[in-house]
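Descriptive structure summary
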Amino acid sequence: NRGMRILHTSDWHLGKRLNDRERAGEQVAVMDEIVRVADEEAVDAVIVAGDLFDTFNPPVEAIELLYRTLHRLARGGQRLVVAIAGNHDSPDRVDSPDVLARESGIFFAGNPMIVSRETRTEGGVMLVRSDEGFAEFRLPGFDYPLRVLLTPYTNGQRAKRYMGAEDADEGLRVFLRDHWAGVADKYCDTEGVNLLVAHLFMAREGGELPEEPEDERPINIGGADAVYTSLIPPAMQYAALGHLHRWQTVDMEPCPAVYSGSPLSYSFSEAEQDKYVTLVNLEPGGPACVTKRRLTSGRPLVRRRFEGVEAALQWLAEHPDTWVELTVATDTFLTAQEVKSLHAAHDGIVCIIPDVRDASLVNDRVASIHDLRSDVNALFAEYFRQRKGQEPNEEIMSLFREALSIDGGSRKSDS
């Protein structure tokens, strides 16, 4: 007998652009590919572990693409689909279509302590039991249940609100440890399959913190909100995680804790990364069998440096279907004509960073940057190079991203 087959994906960020470049077509293509993989692999359930959208107020096209994709994955209520909110999502927006969605086998969790009503779809998927942050399902063809601990994006402040903790940062870990343990002890025995689905910054206690995506708004400052894998209840057989964009296994104890990653590369820090969905085979009381399947949709992101414009033009002609961050080493500043010729040669150049060999030409200016629409992290790195004469290290870049995140949040609240 085959076990229950689950497809784990996350961080779709529907509606996201690459600087000013539209990527809706790529997102449509990769959503089609995920649906195709789910059908080819004959999965019984699909987990989308947060960051469904890129903003709290996504464009209409992104909303339509999400609902259309989830509806196709659910196959008229024959396949279970569970989707939770991430830190980029509005919890209320994620929860709002729940009444209609449940009839199709799609179960949303926007708020961390959500309780859903029992449901049976025409395709045979049943929600048979629900509690705060917990759902138990029956799927067609299986005589054992699927139990899911649902933890949409939660931070210290939300934990403080739910439990009245004085220390919001430590309160998050205490809250999740006690909440997860209580739910698992009550509902998750070895007679069913047990999953944790969470959108969190998770790490192995005492281990190195995973790197967050370059353009991701940090959900922790200096690891304060990091949740440890040691808090996962022993009854869990697999932890389906969202937030980090690179596929990675954070820990194998007490169960595989896996970030499935984003289906497309969304910043140049993800340049030339392979992207995947995760396939998990589970039976009651047994270990998870975890494999991954590579996604091929979308234009790859590439960072390239060339000695001179001619070398760059030659490479660009040979690699048309890419997004490019282009660095060109020159003796003097690039001329307007040279910049124009580079853009004319390739429609995927996102930014051009001239590397001027003669530092005396630069002085205190950052005039070597010709495309001011380029990634703000690249702009800062170039500024630092010009002012300090060296590359900014990761600690400096991390502080810059944190400052950018805090400043961006305050400007949004002011508006």
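Residues numbered from 1 in each chain as written. Predicted model: local features only at pLDDT ≥ 70, side-chain atom pairs only at ≥ 80, totals over all residues. Heavy atoms only, no water.

**Focus: helix H1 (residues 24-40)**
The end-to-end C-alpha distance of H1 is 24 Å, a good match for the 24 Å that 17 residues give at a rise of 1.5 Å each. Structurally, H1 contributes buried residues whose contacts are with strand S1 (4-9), helix H2 (60-74), strand S15 (275-282), strand S16 (289-295) and strand S18 (323-330). Looking one or two residues beyond H1, the residue adopting positive phi is Ala 42, at roughly 50°. (Helix = DSSP H or I, 4+ residues; strand = E, 2+ residues; numbered from the N terminus. Expected span 1.5 Å × (residues − 1). Contact = heavy atoms within 4.5 Å.)

**A few points about the pattern of salt bridges**
Counted under the stated rule, the structure contains 24 salt bridges. The shortest N-O distance in the salt bridge between Asp 39 and Arg 79 comes to 3.1 Å. Of the two residues, Asp 39 sits in helix H1 while Arg 79 sits in the loop between H2 and strand S3 (80-84), which places them 40 residues apart along the sequence. Its relative accessible area of 34% is what places Asp 39 among the partly exposed residues. Put simply, Asp 131 and Lys 186 hold a salt bridge, and the shortest N to O gap is 3.6 Å. A residue pair is termed long-range when its members are at least 10 positions apart, and Asp 131 in strand S6 (residues 126-131) and Lys 186 in helix H6 (residues 168-187) qualify at 55 residues. (Salt bridge = Lys/Arg side-chain N within 4 Å of Asp/Glu carboxyl O. Buried < 20%, exposed > 50% of the residue type's maximum accessible area, 1.4 Å probe, protein only.)

**Structural notes on the sheet that holds S15**
Taken together, the six strands give an open sheet; going across it, the order is S4-S3-S2-S1-S15-S16, and neighbouring strands pair in mixed fashion. The open sheet is flanked by strand S4 (106-109) and S16, the only strands paired with a single partner. The mean inter-strand angle of the sheet, taken between neighbouring strand axes irrespective of direction, is 20°. Note that S1 and strand S2 (residues 45-48) share four bridges and pair parallel. The residue bridging Leu 7 from the neighbouring strand is Val 46, located in S2. On the sheet, H1 packs against S1, S15 and S16 and is oriented at approximately 140° with respect to S16. Running at roughly 130° to S4, H2 makes contact with S2, S3 and S4 of the sheet. (Pairing = 2+ DSSP bridges. Axes fitted to C-alpha atoms, helices over the stretch in contact; angles between N-to-C directions.)

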